[in-house]
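Listed below are the residues making up each chain.
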Amino acid sequence: MRYSSLGFAAAVCVILAACLDGTGPRTTLVTRIDRAEADSAGSLNVAFTITNVGTQPEDVPACGGQPGPGVQRLQGRRWEEYAGGLCLAIYSMVPVSLQPDASISGTINVFQPGPGVYRLVISYQRDGSPRAVSGQFTVN
């Protein structure tokens, strides 16, 4: 009896492993950096567009109806949280539902970032790793 229970448990594990995707939830959100420039005070202003290139609606995290990405900075070989991603409690945090082939644009301002390589993170997986990110851009 013990071997049949062990065999059954092994079969269940194989079935579950076959159903899981090790890369996490996929996204069809594509983020384009439209403009990244410093203003006269040294703040970085980044304009971006998020497009749903898939066939199903996708939720975009938002603050007050506007996308609210986080900003990460490349430190050595690792991306580290740098700025953004905050929403005051007076604003709604209901995600924006982006229909297939639809786009939403937004801006984010980063106060006096140092020189480096940055990217926007639009959404995260449940484990906290980035799910939808922009291409990287450099601040000199």
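In what follows, the structure referred to is the one given above.
1. Details of the side chain of Arg73
As for its placement among the helices and strands, Arg73 is situated in strand E6 (residues 70-75). Despite its burial, Arg73 pairs with no opposite charge; the closest candidate is Glu80, at 7.9 Å N-O. Ignoring sequence-local partners within four residues, the contact set of Arg73 consists of Arg78, Trp79, Glu80, Tyr82, Gly114, Pro115, Gly116, Val117 and Tyr118.

2. Quick notes on the layout of surface pockets
The space that makes up the largest pocket amounts to roughly 240 Å³. Around the largest pocket sit 15 residues that line it, and Pro61, Ala62, Gly68, Gly85 and Met93 are the ones nearest its centre. If you tally residues by element for the lining of the largest pocket, the top one is strand E10 (residues 116-124), at four residues. Here the lining of the largest pocket is built from residues that sort into 11 nonpolar, four polar and no charged.

3. Quick notes on a nonpolar patch on the surface
Residues Leu88, Ile90 and Tyr91 make up a contiguous nonpolar surface patch of about 370 Å² in total accessible area. If you trace the backbone, Tyr91 turns up in the loop between strand E7 (78-84) and strand E8 (96-98).

4. Topic: the state of the cysteines
For the coordinates displayed, the defined rule picks out one disulfide. Two residues, Cys63 and Cys87, share a disulfide whose sulfurs are 2.1 Å apart. Disulfide Cys63-Cys87: torsion about the S-S bond near 80 degrees, hence right-handed. Highlighted residues: Cys63 in strand E4 (residues 62-63) and Cys87 in the loop between E7 and E8, separated in sequence by 24 residues.

Conventions and cut-offs
Residues numbered from 1 in each chain as written. Predicted model: local features only at pLDDT ≥ 70, side-chain atom pairs only at ≥ 80, totals over all residues. Heavy atoms only, no water. Helix = DSSP H or I, 4+ residues; strand = E, 2+ residues; numbered from the N terminus. Buried < 20%, exposed > 50% of the residue type's maximum accessible area, 1.4 Å probe, protein only. Lys, Arg positive; Asp, Glu negative; His and termini not counted. Salt bridge = Lys/Arg side-chain N within 4 Å of Asp/Glu carboxyl O. Contact = heavy atoms within 4.5 Å. 1 Å grid on protein atoms, 1.4 Å probe; cavity = no way out; pocket = protein on both sides within 12 Å on 5 of 7 lines; lining within 4 Å. Points joined across faces, edges and corners; volume = space filled by probe spheres on them. Nonpolar A, V, L, I, M, F, W, Y, C, P; charged D, E, K, R; others polar. Patch = residues over 30% accessible without salt bridge, like charges linked within 9 Å, V, L, I, M, F, W, Y side chains within 5 Å. Areas by Shrake-Rupley, 256 points an atom, 1.4 Å probe, with all protein chains shown as cover. Disulfide = S-S within 2.5 Å.

Nothing here speaks to function; it is geometry throughout.
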